[in-house]
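Below, each chain spelled out in residue letters.
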Amino acid sequence: MEGAPRRHLRLLAQLSGLAVGMFAFGYAMVPLYRLICDIAGINGQRSDVMLISAAQLPAVDASRTVTVEFLTTVNGGRDWTFRPAVNRIEVHPGALTTVNFFAQNNTDEDKVAQAVPSVAPITASQYLRKTECFCFTQQPFAAREGRDMPVRFVIDPALPAHVDTVTVSYTFFDATRLAQGEHPRAGRIN
C-alpha cells in the first residue's frame, strides 16, 4: 500500500509541471507570434518593409489601378470612435496617397491608443509602403478628444498583377496602462 501514495505524489508533480509548462507557453505566445510575423512578413506585421522615405518613392504606373479598402476595429468594445474617412479608394501603383482616419476618445478620462495594422492578402503586405502612419506610435487623447490622423502610403508597382484589391485594417487598442509603464496583464483586466 505504501507504493500508492508515492505514485500519487509523482502524478501530482507531473501534472503540476504540465500546468506550469502550459502557463509559460501561453505567456510566451504573444512575443513569439510577433517575432514570427516580423520574420515572415505575415499579417502585415513585417516592420522592415512597411516604411519608406519620400526620396525612395517608385515611378507611378498610370496604366494600372489597385483598389485599397480600409477596415477599422476597436479592440475589446472600448468606448472609442474609430473610422476611415473613405472605405475604399482607387490608386495607381507608385502614387503617394493620403487617407485620413478619425479617432475619438468618448470617455471622460485621458487615454492612450495604439493602432495595429494588418494587410490582406498576405502577399500584398510587402508591397504596401508607408511614409507616415498613426500606427507607428502611441496616440495620446484627452478626455472626449477627437482628431483626424493621416496615413500616407504607396503601393509598390512590383505588386503582382493578379492582386487588384488590397485591404488595410487597423485594430485600435487602449494602451493607456502600457504607456504608464504598467504591464498589460498586471492587476485587473480591462
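Our subject is the structure listed above.
Residues numbered from 1 in each chain as written. Predicted model: local features only at pLDDT ≥ 70, side-chain atom pairs only at ≥ 80, totals over all residues. Heavy atoms only, no water.

*Asks:* What am I meant to see in the overall build of the chain here?
*Replies:* Helix and strand content of the chain: two helices and nine strands. Counting over 190 residues, the chain shows a buried share of 32%. When contacts within the chain are restricted to residue pairs at least 6 apart in sequence, long-range pairs at least 24 apart make up 73% of them. By element, 58% of the accessible surface of the chain is carried by carbon and sulfur atoms, the whole surface being about 11400 Å². (Helix = DSSP H or I, 4+ residues; strand = E, 2+ residues; numbered from the N terminus. Buried < 20%, exposed > 50% of the residue type's maximum accessible area, 1.4 Å probe, protein only. Contact = heavy atoms within 4.5 Å. Areas by Shrake-Rupley, 256 points an atom, 1.4 Å probe, with all protein chains shown as cover.)

*Asks:* It is not clear to me how the packing of aromatic side chains should be interpreted in this structure. Could you clarify?
*Replies:* The geometry of two aromatic rings is summed up by the distance between their centres and the angle between their planes. What the rule picks out here adds up to eleven aromatic pairs. Here the aromatic cluster, defined as three or more aromatic residues joined through ring pairs, consists of F70, W80, F82, F101, F134, F141, F153, Y170 and F172. Here the guanidinium or amino end of R147 rests over the ring plane of F141, the centre of that ring lying 3.9 Å away. (Phe/Tyr/Trp six-rings, centres within 6.5 Å; stacked < 30°, edge-to-face > 60°. Lys NZ or Arg CZ within 6 Å of the ring centre and 35° of its normal.)

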